[in-house]
Amino acid sequence: MPIVYDKQKRVFKLDTNKSSYAFHVTESKNLLHLYYGGYIPETDITHMLRIPEDAPFVPSTHDGMGPHSFDCAAIEFSTSGVADFREPCFQVMDKYGMSACECYYKSHNIYKGKPKLKGLPATYGTEDEVETLEVYCADPNNGMEIVLMYSVFPQCDVITRSARVCNKGKDPIELRRLLSTCVDLDRMDYDMITLHGTWARERHVERLPLRFGKQSVDSNRGSTSHALNNFIALCDHTATEDFGEAYGFSLVYSGSFLAMAEVNQYEKTRVVMGINPYDFSWHLEIGEEFQAPEVIMTYSGEGIGQMSRNLHDIMRNNLIRGKWKDLRRPILINNWEATYFNFDTEKLLDIAREAKKAGIEMLVMDDGWFGHRNDDRSSLGDWFVNEDKIKGGLKYLVDEVNKIGLKFGIWFEPEMISPDSELYKEHPDWCIHIPGRPRTLVRSQLVIDFSREDVRDYIYGRIKDILSSANIEYVKWDMNRQLSEVGNEVLPPERQREIWHRYVLGVYDMQERLLTDFPDLLLENCAGGGSRFDAGMLYYSPQIWTSDDTDAIERLKIQYGTSLCYPCSCFGAHVSDSPNHCVGRITPFETRGHVAMSGTFGYELDVTRISDDDKWNIRKQIEEFNKYNPLVRTGDYYRIGDPFANDRFDAWEFVAKDKSEALLEYVQVLKEPSVFLHRVKLKGLMKGAYYRHEQTGKVYSAELLMNSGFDIPSLWGDFRSYIAHFVKV
Ligand code: DGJ
């Protein structure tokens, strides 16, 4: 039983295969956290409550609370204004202007399976895979009901959490914050790992020791952002990829977020995560509910690598959905870096013909096919085919591409509107804006108001028409700016601050409609590269464009950082031109292929203008992709090198779940003289087994490969790559 309630001790215990999570209902009905860490068998653990023997000089108790100080205790769900001075998860403002809240246990329910979260992405599972606990709580003073939801996925050592509130009081109330999780850990000697970046440099890794006080990452941009990702990890100072304790937290949400670790004066750490309370407020009429998004939490006692593998497994198996979830994705060629806005039907057909010869399977027409868009300054919202460019119309183009033998995909940026568009002329109020204030343009565009159903209906109608007009099998859904001047002329004042979240719900609604109407469609999310690379989007699209930086060497860091939380099977990754358009670096075609092969794989260059050698290279790469993609998609991923720690090399490995094969990928970044052989230790092989190195036929023991290592042949020059395939004999 993954979830048990020990009635006598009033302890809830949630077990995965290798971790346990526990909390206690006190006599006074407060919920106090007991433990999160490696598996423990017993439930009689109330001695682990953090009740100090010497009452410290801090606010202590009130009658309802029992013998605990709010400020010292490990609180299961922190509330505001009641002498727990750490970060609260829950705050309301009642009609008297009061904001103190409490959370008292009322009842609970344990059941197999997991319900959907209304309007939100969330993990899912069968009754055999997951068990759920709902804890019903209440604040008798303001009439709020708080439901804490926990779901346990034993196989991948994951526990998910979310919270829901319902106004069961006698008056409307303003919800000021509702975070999704609160975990009060017993120590402070952790490092915190976060992913930061900017456009074309997403998800670089930062690892710093926790210090007293609050340390957080967040977004107040309305979407996840290039700048900071909504994933954090805490690990031992000494934790490595393979040793030590590590906790991972990933928010299944795509809007403004807050993820914080706070160390208090007693050297304990509180982790909270959820929708950013910044500029947030939600009006709750009597009987209305608010559902906070889900957080995926995992614990690994076997290093940071295992933490990542747990997250990869839950996302691949229980978050990503739909037809393409477990399927090999078509090898695509996207015309963005090949032509930018400068293309027409003939150019696209030329690309398609050459691509077909090389073995590519799908042509994706990127930005610039609609309205009068010949640069990035116009036409967003005018989702009508520009027949000056797409001569003969879209159906003709798609039919011709299909006749050549390729599938066809198309780009949209549904969440945007250009002031220079027919749509804006007709509906200047359809963008997010504050009446009377200037509307800030980013990339010459405004954000269309997806909090409004009428606006969504119109845009969805256009997308549906386009997709129904021809045999379109893939959509790249782009989003190239973040929200500012958040307001509209529709909602009443007390609901204006809801727009941030209503907007995100609107995006989810649109993507859900798309997948319902076009269940075979392959959807790839994108946001100015990887600005909305989060677990929320993975519920809708099995792949996300990782970064506009397609340079193989830059991608080492981007893909390494992204892999801390997300599975490689969802990394949009393409082979592009050299010199690279972002950084001007010249890299071998082979290296670009090997790096892209660790993601979804495709091309983004003008295949009509490359050398015959490179055309041959594409054919060879496609053979390799076909051979190794099942392993990349389904295997366990091991980071071996660390591109942030050295500029000599990076290496990583995919190992089949049954350990029958392994693929080692190696990139020599800067060549060093007089270093002839670089020996790389493999990971995750089956001890006692022997593996044949496919390229040479030589057989090695798993122990030799893991303890001594495999010699990478000497590679001449910078940015060279090498792959080695091992098959268990
Ligand atoms: C940003 C995306 O990341 C690119 O791949 C491309 O689609 C452009 N937008 C098009 O404007």
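Just so it is clear, the structure is predicted and the values come from calculations on it, not from any experiment.

The rules behind the values
- Residues numbered from 1 in each chain as written.
- Predicted model: local features only at pLDDT ≥ 70, side-chain atom pairs only at ≥ 80, totals over all residues.
- Heavy atoms only, no water.
- Phe/Tyr/Trp six-rings, centres within 6.5 Å; stacked < 30°, edge-to-face > 60°.
- Helix = DSSP H or I, 4+ residues; strand = E, 2+ residues; numbered from the N terminus.
- Buried < 20%, exposed > 50% of the residue type's maximum accessible area, 1.4 Å probe, protein only.
- Lys NZ or Arg CZ within 6 Å of the ring centre and 35° of its normal.
- Core = buried A, V, L, I, M, F, W, Y, C linked by side-chain atoms within 4.5 Å.
- Domains from an automatic or database assignment.
- Near = heavy atom within 4 Å.
- Polar contact = N/O pair within 3.5 Å; in protein donor to acceptor, adjacent residues only side chain to side chain.
- Areas by Shrake-Rupley, 256 points an atom, 1.4 Å probe, with all protein chains shown as cover.
- Expected span 1.5 Å × (residues − 1).
- Contact = heavy atoms within 4.5 Å.
- Pairing = 2+ DSSP bridges.
- Lys, Arg positive; Asp, Glu negative; His and termini not counted.
- Salt bridge = Lys/Arg side-chain N within 4 Å of Asp/Glu carboxyl O.
- Axes fitted to C-alpha atoms, helices over the stretch in contact; angles between N-to-C directions.
- 1 Å grid on protein atoms, 1.4 Å probe; cavity = no way out; pocket = protein on both sides within 12 Å on 5 of 7 lines; lining within 4 Å.
- Points joined across faces, edges and corners; volume = space filled by probe spheres on them.
- Nonpolar A, V, L, I, M, F, W, Y, C, P; charged D, E, K, R; others polar.
- Parallel < 35°, antiparallel > 145°, perpendicular 65-115°, else oblique.
- Left-handed = near helix turned anticlockwise from the far one by under 90°.

In this section: the packing of aromatic side chains. Applying the stated criterion across every chain yields a total of 37 aromatic pairs. Ring plane angle 15° and centroid distance 4.9 Å describe the contact between Phe601 and Phe625, whose orientation is recorded as stacked. You can see Phe601 sitting in the loop between helix H10 (589-597) and strand E31 (602-604) and its partner Phe625 sitting in helix H11 (residues 612-634), a full 24 residues away along the chain. Exposure class is identical for Phe601 and Phe625. Each is buried. Among the aromatic residues, those joined into a cluster by ring pairs are Tyr5, Phe12, Tyr21, Phe23, Tyr36, Tyr105, Tyr150, Tyr190, Tyr247 and Tyr299. Arg321 extends its terminal NZ or CZ atom over the ring of Tyr539, reaching a point 3.6 Å from the ring centre. Over the ring of Trp545 we find Arg555, and its NZ or CZ is 5.0 Å from the ring centre.

Once that is clear, we can look at the nonpolar core. Burial of nonpolar side chains together is a common tendency in soluble globular proteins. Trp369 and Ile410 are the most contacted members of the largest nonpolar core, which has 193 residues in total. Looking at which element gives the most residues to this core, the answer is helix H7 (residues 499-517), with nine residues. Residues from two domains meet in this core; each of domain 1 (3-48 + 55-318) and domain 2 (649-728) gives at least three. With 23 residues, the next largest nonpolar core counts Val655, Leu682, Tyr691 and Ile712 among its residues.

It is worth spelling out the site of the ligand at this point. Taken together, 13 residues sit near the ligand, with Asp366, Asp367, Lys476, Asp478 and Asp548 positioned nearest. Interatomic distance of 2.7 Å between a side-chain N/O atom of Lys476 and an oxygen atom of the ligand. Contacts to the ligand include Asp478, whose side-chain N or O atom sits 2.7 Å from a nitrogen atom. Contact with the protein chains covers 98% of the free accessible surface of the ligand, which is 300 Å².

An ideal rise of 1.5 Å per residue puts 22 Å on 16 residues; helix H6 (residues 453-468) measures up with 21 Å between its terminal C-alpha atoms. For H6, the secondary structure elements touched by its buried residues are helix H4 (393-404), strand E23 (407-412), helix H5 (422-426), strand E26 (474-477) and H7.

Moving on, we come to the pairing of strand E3 (residues 19-25). Looking along a regular strand, one sees the side chains alternate between the two faces of the sheet. By the criterion of burial, E3 is predominantly enclosed, with seven of the seven residues buried. Because side chains alternate across E3, one face comprises the buried residues Ser19, Tyr21, Phe23 and Val25, and the other comprises Ser20, Ala22 and His24, equally buried. From the end of strand E2 (residues 11-15) to the start of E3, which pair antiparallel, there are three residues. Pairing of E3 with strand E4 (residues 31-38), which is carried by seven bridges, proceeds in the antiparallel orientation. When the sheet's bridge partners are listed, Ser19 is paired in E4 with Gly38.

In terms of domain boundaries, the protein breaks down into domain 1 (3-48 + 55-318) and domain 2 (649-728). Using C-alpha coordinates to define each centre, domain 1 is positioned 40 Å away from domain 2.

Counting through the fold element by element, Arg555 comes out in helix H9 (residues 552-563). In this structure Arg555 is buried but unpaired, with Asp549 as the nearest side chain of opposite charge at 5.9 Å. A polar atom in the side chain of Arg555 sits 2.7 Å from the backbone oxygen of Asp549. Polar contacts involving the side chain of Arg555 include one to the main-chain carbonyl oxygen of Gly572, which spans 3.0 Å. Apart from the residues within four sequence positions on either side, Arg555 is in contact with Trp545, Thr546, Ser547, Asp549, Thr550, Tyr560, Gly572, Ala573 and Val595.

As summarised here, the arrangement of the six strands in space is E32-E33-E34-E39-E36-E37, forming an open sheet in which the pairing is antiparallel. Looking along the sheet, the strands with just one partner apiece sit at the ends: strand E32 (636-639) and strand E37 (699-701). Recorded for the sheet is a direction-independent mean angle of 25° between the axes of neighbouring strands. Judged from the four bridges that link them, E32 and strand E33 (residues 649-655) form a sheet pairing that is antiparallel. If you follow Tyr638 over to E33, its bridge partner there is Glu653. Running at roughly 50° to strand E39 (residues 720-728), H10 makes contact with E33, strand E34 (661-668) and E39 of the sheet. Against the sheet, H11 contacts E32, E33, E34 and E39, and its axis sits at roughly 105° relative to E34.

Right, let's talk about the pattern of salt bridges for a bit. Oppositely charged side chains may form a pair once their charged atoms are brought near each other. One pass over the structure, following the stated rule, counts 62 salt bridges. We note a salt bridge from Arg353 to Asp350, for which the minimum N-O separation is 2.9 Å. Of the two residues, Arg353 and Asp350 both sit in helix H3 (residues 345-358), three residues apart, roughly one turn of that helix. A relative accessible area of 36% means that Arg353 is categorised as partly exposed. A salt bridge links Glu554 to Arg585; the shortest N-O distance between them is 3.2 Å. Taken together, the positions of Glu554 in helix H9 and Arg585 in the loop between strand E30 (575-576) and H10 put the pair 31 residues apart, joining distant regions of the chain. Linked by salt bridges that have partners in common, Asp84, Arg86, Asp184 and Arg270 make up one network.

Turning next to empty space enclosed by the protein. Enumeration according to the criterion identifies eight cavities of 30 Å³ or more in this entry. Lining the largest cavity we find 15 residues, and of these Tyr666, Gln668, Lys671, Val675 and His678 sit closest to its centre. Residues of the lining of the largest cavity, tallied by class, amount to nine nonpolar, three polar and three charged.

Let us now look at the packing of H3 against H4. Interaxial distance between H3 and H4 falls to 9 Å at its minimum, and their mutual angle equals 15°. Considering the angle they form, H3 stands roughly parallel to H4. Note on packing geometry: the crossing formed by H3 with H4 is right-handed. From H3, Thr345, Leu348, Leu349, Ala352, Arg353 and Lys356 reach across to H4, where they touch Tyr396, Leu397, Glu400, Val401 and Ile404. For the contact of H3 with H4, the per-class residue count stands at seven nonpolar, one polar and three charged.

Here we come to the environment of Met597. Take Met597: it is sitting in helix H10. For Met597, a relative accessible area of 2% gives the class buried. For the pair Met597 and Ala573, spaced 24 residues apart in sequence, the C-alpha to C-alpha distance is 7.4 Å.

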